[in-house]
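These are the residues of each chain, in order.
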Amino acid sequence: VPPGPEHPPWHCLAQGRGSPRLVLVVVFVALLLDNMLLTVVVPIVPTFLYTTEYEGANDSLAPAQTGAAPPVSKAAPSSSLFSRRGHFDNSSVTVLGSGSPPEVPNGTESSPPVPPRGCPGGDEFLTKENVRVGLLFASKALVQLLVNPSVGALTNRIGYHIPMFIGFTIMFLSTVMFAFSGTYTLLFIARALQGVGSSFSSVAGLGMLASVYPDDCERGSAMGIALGGLALGVLIGAPFGSIMYEFVGKSSPFLVLAFLALLDGALQLCILQPSRICPESTKATPMFTLLRDPYILAAAGALCFSNMGVAMLEPTLPIWMMQTMCSPQWQLGMAFLPASISYLIGTNLFGILANKMGRWLCSMIGMAVVGVSLLCVPLAKNIYGLIGPNAGLGFAIGMVDSSMMPIMGYLVDLRHTSVYGTVYAIADVAFCMGFAIGPSTAGAIVRAIGFPWLMVIIGVTNLAYAPLCWALRSPPAREEKMAILSQESPMQTKSYTRQKPLQEFPLVDNSDVEDKNVE
């Protein structure tokens, strides 16, 4: 209805609030911003820590060094390993950590090894930095892993609106903290705080979508679009972060994200009305009951291991590129661009296609392609050699995610109570386990046996897990639900009867419903 004297704009907005598409828009934007913040730090943190800690330590030692050639030591700060534009200057590498002039004889044992032209020095620092950066990246997923069960239970008690808005508030605070953090400790706290906000946003958002799209086919399409927001955030995040950090400064990408987060908060206030408490009318299945369901565990495992591959790449690939390819700073974020683009294509394509070809088959093929792509990553000699493996990796993870997310909701409808907060908390826990275990162990594995063997381990793991997706081909329904299901194969069932009628969204007061019935 167009706005006018009889239909003011707020009346049209109130009518539009019942549309599932507006709910989909809110979830899309929330996942977009969350994953932009997730990946924007990937190219920034390694170079920022290197510049502030390694170069800072050497620059502070330069005045105390004894010996001749004071002009050389004074020139070091102006020609640092990481210049303002992210390139490396070989003339300063031979000076850092040494009190002798650059013309040191090659046979002298005290002379530090000279890295190839354009490559950073401090190989030992970079090797140790793998572990620290991995732990920092994993802190978000680890905190999210711990908070998710509580958020799932909270959504069952008070509904999805308030947790969704709490997630926005915490994400905004985390983004601002990232912008003004200058030490590893503050960056670690900001990353962990992001995990809390992400837990509220993702669990509440996916639960909302499952509740407003009861039809299995429509739900799969909606999940694919929502995961497209996640993919778009990953797509934009790393390149956006590397370019903004190189040409504008460290705080600039986070301040832009903070402004976008405010717009997201205004959108939620208009559409979701987060002041209302709207508990589920049906008691949810306990989390421990769902965790004992082998089919839910199989789907959760696919989400965990497929995403663990890219989680291991995030902290280790930029440092490996610095050491082996001598890549400038802008390339560290652009290396993830093929994976992000292909993930965006994969989630939108297979959100619809997976329901036709079989989600179990789609996820099994996806995990196999993930494994092969990871095995091919160490074969790259330059950034162009990473295009194929990373594109295959992103496309395959898109296949798995767009298949497993709808299956999680379907399994609850098929075998348990149709309340979705808890099961999507489990799905997010599985996702976060990959992003917690992956980065936290990747640095230690790289330090022990090297980056290529890390890719072999996680690639073979995905190939070995892929056949388990066969178990999701035709999961059996509980006996009491057989009467309300079609006699077709369960994975081909397009729609099913819910235990409770679908209510308008946002959930309206009972008094409003009664007044409508009286009329």
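Conventions used here
Residues numbered from 1 in each chain as written. Predicted model: local features only at pLDDT ≥ 70, side-chain atom pairs only at ≥ 80, totals over all residues. Heavy atoms only, no water. UniProt positions renumbered as here; feature names shortened; annotations may be inferred. Helix = DSSP H or I, 4+ residues; strand = E, 2+ residues; numbered from the N terminus. Buried < 20%, exposed > 50% of the residue type's maximum accessible area, 1.4 Å probe, protein only. Contact = heavy atoms within 4.5 Å. Areas by Shrake-Rupley, 256 points an atom, 1.4 Å probe, with all protein chains shown as cover. 1 Å grid on protein atoms, 1.4 Å probe; cavity = no way out; pocket = protein on both sides within 12 Å on 5 of 7 lines; lining within 4 Å. Points joined across faces, edges and corners; volume = space filled by probe spheres on them. Nonpolar A, V, L, I, M, F, W, Y, C, P; charged D, E, K, R; others polar. Core = buried A, V, L, I, M, F, W, Y, C linked by side-chain atoms within 4.5 Å. Axes fitted to C-alpha atoms, helices over the stretch in contact; angles between N-to-C directions. Parallel < 35°, antiparallel > 145°, perpendicular 65-115°, else oblique. Left-handed = near helix turned anticlockwise from the far one by under 90°. Patch = residues over 30% accessible without salt bridge, like charges linked within 9 Å, V, L, I, M, F, W, Y side chains within 5 Å. Salt bridge = Lys/Arg side-chain N within 4 Å of Asp/Glu carboxyl O. pLDDT = per-residue confidence, 0-100. Phe/Tyr/Trp six-rings, centres within 6.5 Å; stacked < 30°, edge-to-face > 60°. Lys NZ or Arg CZ within 6 Å of the ring centre and 35° of its normal. Polar contact = N/O pair within 3.5 Å; in protein donor to acceptor, adjacent residues only side chain to side chain.

In the annotation of an unreviewed UniProt entry, the protein is listed under the name VMAT1 protein and assigned to Sapayoa aenigma. Listed under Sequence similarities (unreviewed entry) in UniProt, the entry text for the protein is "Belongs to the major facilitator superfamily. Vesicular transporter family." If you open the UniProt record of the protein and go to Subcellular location (unreviewed entry), you find "Cytoplasmic vesicle, Secretory vesicle, Synaptic vesicle membrane".

Caption draft 1: Summary view of the overall build of the protein. A tally of regular secondary structure across the protein gives 18 helices and zero strands. Out of the 519 residues in the protein, the part that is buried amounts to 56%. Considering only residue pairs separated by 6 or more positions, the protein has 85% of its internal contacts joining residues 24 or more positions apart. Split by element, the accessible area of the protein, about 21,200 Å² in all, is 67% carbon and sulfur.

Caption draft 2: Region of interest: empty space enclosed by the protein. One pass over the full model with this rule turns up five cavities of 30 Å³ or more. Lining of the largest cavity is provided by 19 residues; of these, Thr-39, Val-234, Val-310, Glu-314 and Phe-435 occupy positions nearest its centre. Listing elements by their share of the lining of the largest cavity, those giving two or more residues are helix H2 (20-40), helix H8 (216-247), helix H11 (294-324), helix H13 (337-357), helix H15 (387-415) and helix H16 (421-449). One number sums up the size of the second largest cavity: a volume of about 120 Å³. Along the walls of the second largest cavity sit 13 residues, with Leu-31, Ser-202, Leu-230, Asp-428 and Phe-431 positioned nearest its centre. Elements supplying a minimum of two residues to the lining of the second largest cavity: H2, helix H5 (123-158), helix H7 (184-212), H8 and H16. Across the lining of the second largest cavity, the residue classes tally to six nonpolar, four polar and three charged.

Caption draft 3: Structural detail: the nonpolar core. One finds Leu-317 and Tyr-424 to be the most contacted residues of the largest nonpolar core, which totals 115 residues. Sorting elements by how many residues they give to this core places H11 first, with 17 residues. The residues touching Tyr-424, leaving out its near neighbours within four places in the chain, are Val-203, Leu-206, Gly-207, Ala-210, Met-223, Met-405, Pro-406, Met-408 and Gly-409.

Caption draft 4: Quick peek at the packing of H7 against H8. Contact geometry for H7 and H8: axes closest at 9 Å, N-to-C directions at 155 degrees. Between H7 and H8, the angle falls in the class roughly antiparallel. The hand of the H7/H8 crossing is right-handed. Every residue of H8 that contacts H7 at Leu-206, Leu-209 and Ala-210 is listed here: Arg-219, Ala-222, Met-223 and Ala-226. Tallied by class, residues from the contact of H7 with H8 come to six nonpolar, no polar and one charged.

Caption draft 5: The arrangement of a nonpolar patch on the surface in detail. A cluster of nonpolar side chains, namely Val-372, Leu-375, Ile-449, Trp-453, Val-456, Ile-457, Val-460 and Leu-463, defines an oily patch on the protein surface of about 650 Å² accessible area. Counting only elements with at least two residues in the nonpolar patch, the list comes to helix H14 (359-376) and helix H17 (451-465). Counting residues per element, the nonpolar patch draws most heavily on H17, at five residues. Looking at where Val-456 falls in the secondary structure, it is placed in helix H17.

Caption draft 6: Local environment of the confidence of the model for the protein. When pLDDT is averaged along the protein, the result is 75; 72% of the residues meet or exceed 70. Across residues 484-514, where pLDDT falls below 50, the model places 70 contacts with residues more than four positions away in sequence or in other chains.

Caption draft 7: Structural view of the packing of H8 against helix H9 (residues 251-271). Where H8 meets H9, the axes come as close as 7 Å, and the angle between the chain directions of the two elements is 130 degrees. The angle between H8 and H9 falls in the class oblique. Residue-level inspection shows Phe-240, Gly-241 and Met-244 of H8 in contact with H9, the latter providing Ser-252, Pro-253 and Val-256. Looking at the contact of H8 with H9 residue by residue, the classes come out as four nonpolar, two polar and no charged.

Caption draft 8: The arrangement of the packing of aromatic side chains in detail. A full pass over the atoms with the stated rule returns eight aromatic pairs. With a centroid separation of 5.2 Å and an interplanar angle of 10 degrees, the aromatic rings of Phe-178 and Phe-254 are classed as stacked. You can see Phe-178 sitting in helix H6 (residues 161-180) and its partner Phe-254 sitting in helix H9, a full 76 residues away along the chain. Taken as a pair, Phe-178 and Phe-254 share a single burial class, namely buried. Relative to Phe-451, the ring of Trp-320 has its centre 4.7 Å away and its plane inclined at 20 degrees; by these criteria the two rings are stacked. Note that Trp-320 is positioned in helix H11 and Phe-451 in helix H17, a separation of 131 residues in sequence. The positively charged end of Arg-132 is found above the aromatic ring belonging to Tyr-184, 4.3 Å away from the centroid.

Caption draft 9: Structural view of the environment of Asn-382. Tracing the backbone through its elements, the reader meets Asn-382 in the loop between H14 and H15. Of the residues examined, Asn-382 reaches a relative accessible area of 37% and is grouped as partly exposed. Considering only alpha carbons, one finds Asn-382 and Ser-327, 55 residues apart in sequence, at a separation of 8.3 Å. Side-chain polar atoms of Asn-382 contact the backbone nitrogen of Tyr-384, separated by 3.0 Å.

Caption draft 10: View of the pattern of salt bridges. Tallying each qualifying case throughout the model produces two salt bridges. One salt bridge connects Arg-219 with Asp-413, and the closest N-O pair in it is separated by 2.9 Å. Separated by 194 residues along the polypeptide, Arg-219 in helix H8 and Asp-413 in helix H15 bring together distant segments of the chain. According to the relative accessible area criterion, Arg-219 is buried, its value standing at 0%. Measuring nitrogen to oxygen at the nearest pair gives 2.8 Å for the salt bridge that ties Asp-293 to Arg-415. One end of the pair, Asp-293, is in the loop between helix H10 (287-291) and H11; the other, Arg-415, is in helix H15, and 122 residues separate them in sequence. The exposure classification of Asp-293 matches that of Arg-415, with both residues buried.

Caption draft 11: Inspection of the environment of Leu-344 at higher detail. One can find Leu-344 in helix H13. For Leu-344, a relative accessible area of 23% corresponds to the partly exposed category. The sequence separation of Leu-344 and Ile-397 amounts to 53 residues, and the corresponding C-alpha distance is 9.9 Å. Non-local contacts of Leu-344, meaning those with residues more than four positions away in its chain, are made with Gly-228, Ala-231, Leu-232 and Leu-235.

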